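Per-entry structural report
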Amino acid sequence: DGELCLSRSLVNSSDKITRKAGSSIFQHSVEGWKINSSLVLEIRKNILRFLDAERDVSVVKSSFKPGDVIHYVLDRRRTLNISRDLHSLLPEVSPMKNRRFKTCAVVGNSGILLDSECGKEIDSHNFVIRCNLAPVVEFAADVGTKSDFITMNPSVVQRAFGGFRNESDREKFVHRLSMLNDSVLWIPAFMVKGGEKHVEWVNALILKNKLKVRTAYPSLRLIHAVRGYWLTNKVPIKRPSTGLLMYTLATRFCDEIHLYGFWPFPKDLNGKPVKYHYYDDLKYRYFSNASPHRMPLEFKTLNVLHNRGALKLTTGKCV
Ligand code: CTP
């Protein structure tokens, strides 16, 4: 069956996983890996009981009208107004409607990608999903450049584009988006209060510069549904990371899912340091109790799925 068969003891020991990163429970052989198509279908069917990625990947224009007030998904007491700009950027229909792919890449942002030489392999997939507007050009040999779907947490504006304080920050941002052409830009705008100004600025820049990028804003139920699916499979994740969300959505569209850049540990299996991100100096923040994510537990889960042929996890070199 499609159950993950993660034992309770495994789940309870998730916090120890970080310390055990060098142990064999993290080993996954890519040689001899084979897709288990019946398991893939089973997982797709089970996830569909909780969400339909085709629909939940984005709200659509008819969901709201300008001026509507909605409650933040993870902060129900606070509200957001649907502005005219935001409304005008909502898609008429789901950007993933009827889209199906033989192989997909979901690219996480771990420093494990550096020196991986995975660029060509990543770009060879039919559909490539990336996270948080991560830069690609300077890292093309390791991460590739193709981006069919890319996420952007509102905090990225602050973190990577100087909060749009200078004209050059805005130019850099517009340049990055123009490289995406008509790919999907997925902005979780309704999760928590705090990023609304940034989302408005982003929307205004897209409209002003007539960028072709296809904006999508996840449905209000998506995150709860994803959490529900994993909880049912005994993976208690308070807030799924963007990478896990992307894998969960991709099961709807992709027959074969290949993950790269998933390694939420400061060292590799040989004890060599691994940067948190391949492209900046952000430090590991996900090991304290205050952190919203449980990336090590997520990783462990993805590793189990790799070993069962449901997905392919690459953490080594591609050539
Ligand atoms: N990731 C990972 N190991 C790392 C860094 C990231 O496995 N060292 C995966 C996670 O699934 C993460 C995704 O790659 O969600 C994208 O990374 P990032 O942009 O850093 O996500 P965060 O901003 O850290 O977290 P989120 O957007 O999920 O809140």
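Quick caveat, the model's predicted, so the values are computed rather than measured. (Residues numbered from 1 in each chain as written. Predicted model: local features only at pLDDT ≥ 70, side-chain atom pairs only at ≥ 80, totals over all residues. Heavy atoms only, no water.)

1. Here we look at the site of the ligand
- Neighbouring residues of the ligand: 20 residues in total, closest Asn-132, Thr-242, Tyr-276, His-277 and His-293.
- A distance of 2.6 Å separates an oxygen atom of the ligand from a polar side-chain atom of Tyr-276.
- Alone, the ligand offers 560 Å² of accessible surface; in the complex the protein occludes 96% of this.
- Class assignment of the residues belonging to the shell around the ligand gives a composition of seven nonpolar, 11 polar and two charged. (Near = heavy atom within 4 Å. Polar contact = N/O pair within 3.5 Å; in protein donor to acceptor, adjacent residues only side chain to side chain. Areas by Shrake-Rupley, 256 points an atom, 1.4 Å probe, with all protein chains shown as cover. Nonpolar A, V, L, I, M, F, W, Y, C, P; charged D, E, K, R; others polar.)

2. Overview of the pattern of salt bridges
- Inspection of every chain in the model, using the stated rule, returns 13 salt bridges.
- For Asp-255, the salt bridge identified is with Arg-44, shortest N-O distance 3.1 Å. You can see Asp-255 sitting in strand E8 (residues 254–260) and its partner Arg-44 sitting in helix H3 (residues 37–48), a full 211 residues away along the chain.
- On the accessibility criterion, Asp-255 (40% relative accessible area) is partly exposed.
- Residue classification places Arg-44 among the buried residues on the basis of a relative accessible area of 16%.
- Salt bridges here are not isolated pairs; linked through shared partners, they connect Arg-55, Asp-56 and Arg-221. (Salt bridge = Lys/Arg side-chain N within 4 Å of Asp/Glu carboxyl O. Helix = DSSP H or I, 4+ residues; strand = E, 2+ residues; numbered from the N terminus. Buried < 20%, exposed > 50% of the residue type's maximum accessible area, 1.4 Å probe, protein only.)

3. Things to note about the state of the cysteines
- All chains considered together, the criterion is met by two disulfides.
- Put simply, Cys-104 and Cys-254 are joined by a disulfide, and their sulfur atoms are 2.0 Å apart. Across the S-S bond of Cys-104 and Cys-254 the torsion is about -85 degrees, and the bridge reads as left-handed. One end of the pair, Cys-104, is in strand E3 (residues 101–107); the other, Cys-254, is in strand E8, and 150 residues separate them in sequence.
- Covalently, Cys-118 is tied to Cys-318 through a disulfide, its sulfur atoms 2.0 Å apart. Its torsion about the S-S bond being 85 degrees, the disulfide of Cys-118 and Cys-318 is classed as right-handed. In this pair, Cys-118 sits in the loop between E3 and helix H6 (119–123) while Cys-318 sits in the segment after strand E9 (312–314), placing the two residues 200 residues apart along the sequence.
- Classification of Cys-118 as buried rests on a relative accessible area of 1%.
- Indicated for the protein is the disulfide connectivity 1-3, 2-4, based on numbering the bonded cysteines in sequence order. (Disulfide = S-S within 2.5 Å.)

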